[in-house]
Amino acid sequence: MSYGLKVINDDNYIQIDSDTPRLCAIHNGTYSAGSNTAIVTFPTPITTPEPPCIFIRNAPERAGELYDRLTITGSSGNWTGFQIRANNVNWRPAGKWFAAVFASQAQSTYGMRLWDANGGILFDSGATPVIVTKSNSTWSYQGSVTFPSLGAGFYWTNNLSAPLAEDEYFLMNPFSRGVVNRNGTYLSRGVRFNYGNNRLEMYIIAFPRNPPQIDQGNPAGLFARLPGT
Amino acid sequence: MSFGLRTWNEEGVLEMDTDSFTYQVMYNQLHSMDGVNGFTVQIPGFTPDKCVACILPTNPQSSEFATEAMPFITQGNGSVTLLSRVAGSKDIGSKVAFRLLAMRFRN
């Protein structure tokens, strides 16, 4: 780096600089639904090529509900919103969300704005970088429970246990869809934050005679704070 | 703490403190599982205890068949591996298009 700004804190960590894009929150709000699908429209489209990262905080009073699908609406360069579906027709997804991308945008009329060498906005006071809290992508298989009429719910807990702060969220995109079973069938996978044991949990719905593989790899369990929400 | 950046939003809420960490992008590329059983992406400096890799599907899901399922991901030192189906299976696998994002969250 030959020009610009670099901020290094006590831990020798580069908080922001003029070279590396940071994950920045663009929009935030709440979601709720009259069916098992919550539909959110962004106040303005997000114009990045890549789909935004959707962070959610499922409402503690509806903590038992599992989300098995995230659909980001729109297309590359024009992402207009998202939908979250719960795995049971009687569930009503509710909670808070924010959308973040690896590019900032001019949102604020005061504060600080940083550009990279190509003129792209790296930092803007109105779209501040998302604050890291914790991340863990390892999971432990717990067993199965009966899912009425649907077979069984085979479930895993994330190996990181910590309370979810009021302004803290987890990334939903890695759990956008179900998984492939060994016999080439599709299995629904639901995710939720369990406030009882302070862990992310994922459930895979399958018939006991054809259970999912115990090793489900490393889907990302990733948390972030959006202060003031 | 004596060094670093502190920022506030319009309501005066402290957003970034001097001990805050931000997500730094390390790798950001489009991929597709269509026609491939799997591949490994080399990401220099990637370590699972300090970095994380995420799959972001780029299209809406069109059905509940295996071809529309999430790829199987494992994260290791210096690389991330994606498989279209669970290890050991010879059957149909995922064909989804997605963006693979790897981020560092700690020094």
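Values in this document were obtained by computation on a predicted structure and should not be read as measured data.

Calculation criteria
In this convention, every chain numbers its residues from 1, walking through the sequence in written order. Whichever chain is written first becomes A and whichever ligand is written first becomes 1, with later ones labelled in order. Since the coordinates come from a predicted model, pLDDT governs what is reported: local features require at least 70, and pairs of side-chain atoms require 80 or more to be given and counted, while whole-chain, interface and lining totals use all residues. Excluding hydrogens and water, the side-chain values take into account all heavy atoms of the structure. Note on pairing: DSSP must find at least two bridges between two strands before they are called paired. Numbering of helices and strands runs from the N terminus, with a helix taken as a DSSP run of H or I at least four residues long and a strand as a DSSP run of E at least two residues long. Structural elements are reduced to axes, namely lines fitted to C-alpha atoms, with helices fitted over the stretch in contact, and the angle between N-to-C directions of any two is expressed from 0 to 180 degrees. Along the chain, pLDDT gives the predictor's confidence residue by residue, from 0 to 100. In what follows, residue pairs with any heavy atoms lying within 4.5 Å of each other are defined as contacts. When two parts are put together, the accessible area they lose, computed with a 1.4 Å probe and summed over both, is reported as buried area. The term salt bridge refers to a pairing of a side-chain nitrogen on Lys or Arg with a carboxyl oxygen on Asp or Glu at a separation within 4 Å. Burial classes follow relative accessibility: with a 1.4 Å probe on protein chains only, a residue under 20% of its type's maximum area counts as buried, one over 50% as exposed, and anything between as partly exposed. Ring pairs shown here join Phe, Tyr and Trp side chains whose ring centres sit within 6.5 Å, with only the six-membered ring taken for Trp; geometry is labelled stacked below 30 degrees between planes, edge-to-face above 60, and tilted in between. The criterion is that NZ of a Lys, or CZ of an Arg, lies within 6 Å of the ring centre and within 35 degrees of the ring normal, and then a charge sits over that ring.

**Side note on the sheet that holds strand β6 (residues 72-76) of chain B**
Residue and element names in this part refer to chain B. Strand order in this open sheet of three strands is β4-β7-β6, and the pairing throughout is antiparallel. Across the chains shown, the open sheet's two edge strands, defined by having one partner strand only, are β4 (38-42) and β6. Each neighbouring strand pair of the sheet contributes to a mean axis angle of 15°, computed without reference to strand direction.

**A closer look at the confidence of the model for chain B**
Of the residues in chain B, 98% have a pLDDT of 70 or more, and the chain-wide mean is 89. Interface confidence for the predicted complex, given as ipTM, is 0.90, next to a pTM of 0.91.

**Quick notes on the interface of chain A and chain B**
Across the contact, 66 residues belong to chain A and 61 residues belong to chain B. Summing the contributions of chain A and of chain B, the shared interface buries around 5000 Å²; its carbon and sulfur component is 59%. The three residues of chain A that bury the most area against chain B are Y13, R177 and V180 of chain A, which together make up 16% of that side's buried surface. The tally of links between chain A and chain B comes to three salt bridges. Put simply, E64 of chain B and R85 of chain A hold a salt bridge, and the shortest N to O gap is 2.9 Å.

**As for the environment of V180 of chain A**
Among the secondary structure elements, V180 of chain A is positioned in strand β15 (residues 179-180). Owing to a relative accessible area of 4%, V180 of chain A belongs among the buried residues under this scheme. Residues V180 of chain A and L222 of chain A, spaced 42 residues apart in sequence, show a C-alpha to C-alpha distance of 22 Å. Leave out the neighbours within four places in its chain, and V180 of chain A touches T185 of chain A together with A66, A69, S84, R85, V86, I92, G93 and S94 of chain B.

**Describing the packing of aromatic side chains**
All names here are of chain A. Inspection of every chain in the model, using the stated rule, returns eleven aromatic pairs over all chains. When the ring of F55 is compared with that of F98, the centres are 4.6 Å apart and the planes differ by 10°; the resulting orientation is stacked. Of this pair, F55 sits in strand β5 (residues 53-58) while F98 is found in strand β8 (residues 95-101), placing the two residues 43 residues apart along the sequence. An identical accessibility class is assigned to F55 and F98; each is buried. Here the aromatic rings of F98 and Y169 are separated by 4.9 Å at their centres, their planes lie at 80°, and the arrangement is edge-to-face. You can see F98 sitting in strand β8 and its partner Y169 sitting in strand β14 (residues 168-171), a full 71 residues away along the chain. Summarising the burial analysis for this pair, F98 and Y169 share the class buried. Here a set of aromatic residues connected by ring pairs shows up, and it is made of F42, F82 and W97. The residue whose ring lies beneath K134 is F223, and the NZ or CZ to ring-centre distance is 5.1 Å. It is R209 that lies over the ring of F207; its NZ or CZ is 5.2 Å from the centre.

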